[in-house]
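Below are the chains, spelled out letter by letter.
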Amino acid sequence: MSDPVEQLVGQAQAGNYEAASQLVAQFYKRIFAYLRRLCAHDEDAADLTQQTFARLWVALPSYAGRSSLSTWLHGMAHHVYVDWRRVRNFTQPQTDEWWATCTTPNPSPFEEAAERDLAHQLYRAVEQLPEDTRQTVHLRYYQGLTLAETAEVLGIASSTVKYRLREALGFLRSRMAEPKQPIPHTLNRAS
Amino acid sequence: MTNDPIENVLRKAPRPAPPAGLKERLEAHIALSRASEARRTETTYLVPFWRRWFPALAFGMIFLTCFVILAVQTNQLLQLRRENEALRVATANLEQLRQENQELLKLSAQAQQLERLRKDNLELQQLRAEIENVRGQALQLAQLQAEQQRLLAERAAQQAQASVPAEEDPFAEAKAKAMRINCLNNLKQIGLAARIWSNKHQDILPEDFLTMSNELNTPKILVCPADRQHAQASNWAEFGPANSSYEILSPGINELHPDVVYVRCPIHHNVGTVDGAAHQLGPSQPIIEVDGLKKIGRAEAAEEPKPANQRQESP
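None of the values given here were measured: they were computed from a predicted structure.

1. Points about the overall build of chain B
No. 1: Summing up its helical and strand segments, chain B has six helices and six strands in all.
No. 2: Secondary structure of chain B in N-to-C order comes out as α-α-α-α-α-α-β-β-β-β-β-β.
No. 3: Expressed as a percentage of its 315 residues, the buried residues of chain B come to 17%.
No. 4: Sequence-distant contacts, at least 24 apart, represent 46% of the contacts inside chain B between residues at least 6 apart.

2. Brief notes about helix α3 (residues 42-59) of chain A
No. 1: An ideal rise of 1.5 Å per residue puts 26 Å on 18 residues; α3(A) measures up with 26 Å between its terminal C-alpha atoms.
No. 2: Looking only at α3(A), the buried set comprises A45(A), A46(A), L48(A), T49(A), T52(A), F53(A) and L56(A). On an axial view of α3(A), the arc spanned by its buried residues comes to 165°, and they lie on one face.
No. 3: The inward-facing, buried residues of α3(A) abut α2 (17-39) and α4 (69-88) of chain A together with α2 (22-28) of chain B.

3. What about the confidence of the model for chain A?
Residues and elements named next belong to chain A.
No. 1: Averaged over all residues, the pLDDT of chain A is 83; the fraction at 70 or higher stands at 79%.
No. 2: When mean pLDDT is taken per element in chain A, helix α8 (residues 147-154) scores highest with 94 and helix α5 (residues 96-103) scores lowest with 59.
No. 3: Under a pLDDT of 50 for its full length, residues 181-191 has, in the predicted model, 15 contacts with residues more than four places off or in other chains.

4. A closer look at the environment of P206(B)
Residue and element names in this part refer to chain B.
No. 1: By the element assignment, P206 lies in the loop between α6 (172-200) and β1 (247-248).
No. 2: Taking the C-alpha atoms as reference points, P206 and Y262, separated by 56 residues in sequence, lie 9.9 Å from one another.
No. 3: Not counting the four nearest positions on each side in its chain, P206 is found in contact with A194, W197, T211 and M212.

5. Quick look at the packing of α3(A) against α4(A)
All names here are of chain A.
No. 1: The contact between α3 and α4 brings their axes to 9 Å, and the two run at 125°. In terms of orientation, α3 lies oblique with respect to α4. Relative to α4, the crossing made by α3 is right-handed. In this structure, α3 contributes L48, Q51, T52, R55 and L56 to the contact, and α4 contributes L73, M76, A77, V80, Y81 and W84.

6. Some details on the packing of helix α7 (residues 131-142) of chain A against helix α1 (residues 3-11) of chain B
No. 1: One way to put it is that α7(A) packs onto α1(B) with a least axis distance of 8 Å and a crossing angle of 80°. With respect to α1(B), the axis of α7(A) lies roughly perpendicular. Contacts between α7(A) and α1(B) involve V137(A), Y141(A) and Y142(A) from the first element and E7(B), L10(B) and R11(B) from the second.
No. 2: Of the residues in the contact of α7(A) with α1(B), the class split is four nonpolar, no polar and two charged.

7. A closer look at the pairing of strand β6 (residues 293-296) of chain B
Residues and elements named next belong to chain B.
No. 1: Bridging between strand β5 (residues 287-290) and β6 involves four bridges; their strand directions are antiparallel. By the bridge assignment for β6, I288 is matched with K295.
No. 2: Counted between consecutive antiparallel strands, the loop separating β5 from β6 contains two residues, among which D291 sits at a positive phi close to 55°.

8. Quick look at the interface of chain B and chain A
No. 1: Each side of the interface is counted separately: chain B has 29 residues, and chain A has 40 residues.
No. 2: Those elements giving two or more residues to the side of chain B that touches chain A turn out to be α1, α2 and α3 (35-44) of chain B.
No. 3: In terms of residue count, α1(B) provides more of the side of chain B that touches chain A than any other element does, six residues in total.

Scoring rules and cut-offs
- Residues numbered from 1 in each chain as written.
- Chains lettered and ligands numbered in written order.
- Predicted model: local features only at pLDDT ≥ 70, side-chain atom pairs only at ≥ 80, totals over all residues.
- Helix = DSSP H or I, 4+ residues; strand = E, 2+ residues; numbered from the N terminus.
- Buried ≥ 20, exposed ≤ 12 C-beta atoms within 10 Å, placed from the backbone.
- Contact = placed C-beta atoms within 7 Å.
- Expected span 1.5 Å × (residues − 1).
- Arc of directions from axis to C-beta.
- pLDDT = per-residue confidence, 0-100.
- Axes fitted to C-alpha atoms, helices over the stretch in contact; angles between N-to-C directions.
- Parallel < 35°, antiparallel > 145°, perpendicular 65-115°, else oblique.
- Left-handed = near helix turned anticlockwise from the far one by under 90°.
- Nonpolar A, V, L, I, M, F, W, Y, C, P; charged D, E, K, R; others polar.
- Pairing = 2+ DSSP bridges.

Have a look at this one:
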């Protein structure tokens, strides 16, 4: 347990509250951002984040370190989101306005207006992807997970992750070339 | 547009800021539990080994059963094929065997016919030999007939010369002698039967022949062979006075008088005495009565006594 995160996990497994607080402080922003992008509501994202950490405390004693805590936690968040989505039958993607409000108050990496428009167009196109492809893009690019970690979180093979990303990039490319092109039939799959 | 700028833009996606107070809420809901408790909980839910491996074991059993059934059926199929092949070969040989059997039957019939012909030939040869024999006998018969004719002629000539009657039987004397000896034998058996009867009846000889019928073998011996007037009785039920040639001269005599004549043949003058002996009396030898007892008298002087060997003694 040379990794500091794993040391914290070990201490939390031993019942150390401070270590658990440090784990919360280290991961709650990423988990909230991931869930917020998926479910499109702050309150829902906050509830789902709380549920995710509640599951973490229940399952923490059985954590054996076969994968990183970040991956493990993303997997829990993914399952929490899927359960929540199944109950709510939620199909509404993020809107352009949200992306605009989300990016406007903070210092934006896109200094130029053209780049900002391109980014908004891409984010909007990502939300039009099928659900499984959309979640793959969120985990791989938005959350910055590796291919193996993304595959482990989704419970699929790495080759499937690659296939989905290739399909997503192809779709986004086509959307960038023709902004009003409809979603191709091959990608119009039920999530 | 290539993938790289798109990926760069996606990686630079803005991160939504968490609402205020979320961290405090999360820290307030930290509920840690000991790893040992979790392990205990895990072990509580551990299923038995056989239940965990039951699907695999069931599938394995089903697969093994199917494999065994398949193997058995394949074996039976192969066996049936082999039997089928064997039957086909046997059927192919069957036609050949039928032909051989028919040929064998023909040969057997021919052999039987040949054997019958041989027997017929042998019988024919025997008949031919018999015919030859009969022919030879016929030739001998003709010769014998001629010889008989010749002898008859010679005899007739001799009779004519000796004026002897031609009807006299040359064997009459021998026959008479034989009948006399036979009569003597009958008397001997009667005497023995009477003595056997007397041993059981205070040494008294029986009154008549019917009394000692148990001691006599047959009533036929009670008729003299030279007697033509009395018929022989086949059994004692038919026996009567007319079936006896002999007469009892001393009925009920005691054995104390062995020389007394007990029975007599009136034809041959043969007598049987009380001691069981049979005697052939000559024509001049009478039966005399001494003190009321009938005995054999002395012969006349001119009469020669019979030789001793003609007197049959009792055993």
